[in-house]
Amino acid sequence: MRQTVIWTISLPPQMAEKAEALAKLENRSRSELIREALRQYVALREWEQMQVKASLKAHNLGITDESKVERIIDEMREGQ
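About the cut-offs
- Residues numbered from 1 in each chain as written.
- Predicted model: local features only at pLDDT ≥ 70, side-chain atom pairs only at ≥ 80, totals over all residues.
- Heavy atoms only, no water.
- Core = buried A, V, L, I, M, F, W, Y, C linked by side-chain atoms within 4.5 Å.
- Buried < 20%, exposed > 50% of the residue type's maximum accessible area, 1.4 Å probe, protein only.
- Helix = DSSP H or I, 4+ residues; strand = E, 2+ residues; numbered from the N terminus.
- Contact = heavy atoms within 4.5 Å.
- pLDDT = per-residue confidence, 0-100.
- 1 Å grid on protein atoms, 1.4 Å probe; cavity = no way out; pocket = protein on both sides within 12 Å on 5 of 7 lines; lining within 4 Å.
- Points joined across faces, edges and corners; volume = space filled by probe spheres on them.
- Nonpolar A, V, L, I, M, F, W, Y, C, P; charged D, E, K, R; others polar.

**Brief notes about the nonpolar core**
So, point 1. Counting residues in hydrophobic clusters, the biggest one holds 7 residues: M50, A54, A58, V69, I72, I73 and M76.
So, point 2. Within the residue set of this core, elements represented by two or more residues are α2 (30-60) and α3 (66-79).
So, point 3. Residue contributions to this core peak at 4 residues, all from α3.
So, point 4. With residues up to four places along the chain from it excluded, the contact list for I73 reads W47, M50, Q51 and A54.

Structure, rendered in structure tokens:
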């Protein structure tokens with residue numbers, strides 16, 4: 001059974017050229033370059049969503065101190 005799913009994507013020529021040059025510079029395949037970019041994008045979006053949830057929770061609890069908000073984020077991470 002295949003362990004990957006094949007996608008076909010379209011890129012503007014300039015972006016494709018930059019991606020190709022970067023992949024070559026880093027000795028990666030285009031697929032690996034795109035996988036890494038997507039991993040980083042997903043991690044960033046998950047972090048942003050966690051921040052929104054923590055800020056909303058802090059607001060609902062009347063917490064305005066940033067260090068307390070960071071503690072809430074740490075607690076939420078541990079609970080996942």
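After that view of the structure, there is still more to cover.
**Some words on the confidence of the model for the chain**
So, point 1. Within the chain, residue pLDDT values average 89, and 99% of them lie at 70 or more.
So, point 2. Looking across the chain, the model is least confident in α3, with a mean pLDDT of 77, and most confident in helix α1 (residues 13-25), with 97.

**Some details on the layout of surface pockets**
So, point 1. Roughly 580 Å³ of volume is contained in the largest pocket.
So, point 2. Taken together, the residues of the lining of the largest pocket break down into 10 nonpolar, 2 polar and 5 charged.

**Some remarks on unusual backbone geometry**
So, point 1. One non-glycine residue, N27, lies in positive phi territory at about 55 degrees.
So, point 2. When you line up the elements, N27 lands in the loop between α1 and α2.
So, point 3. Classification of N27 by relative accessible area gives exposed; the value is 73%.

**Some remarks on the environment of W47**
So, point 1. Relative to the elements of secondary structure, W47 occurs in helix α2.
So, point 2. In this structure the C-alpha to C-alpha distance between W47 and S67, which are 20 residues apart in sequence, comes to 17 Å.
So, point 3. Excluding its chain neighbours within four sequence positions, the residues that come into contact with W47 are I73 and R77.

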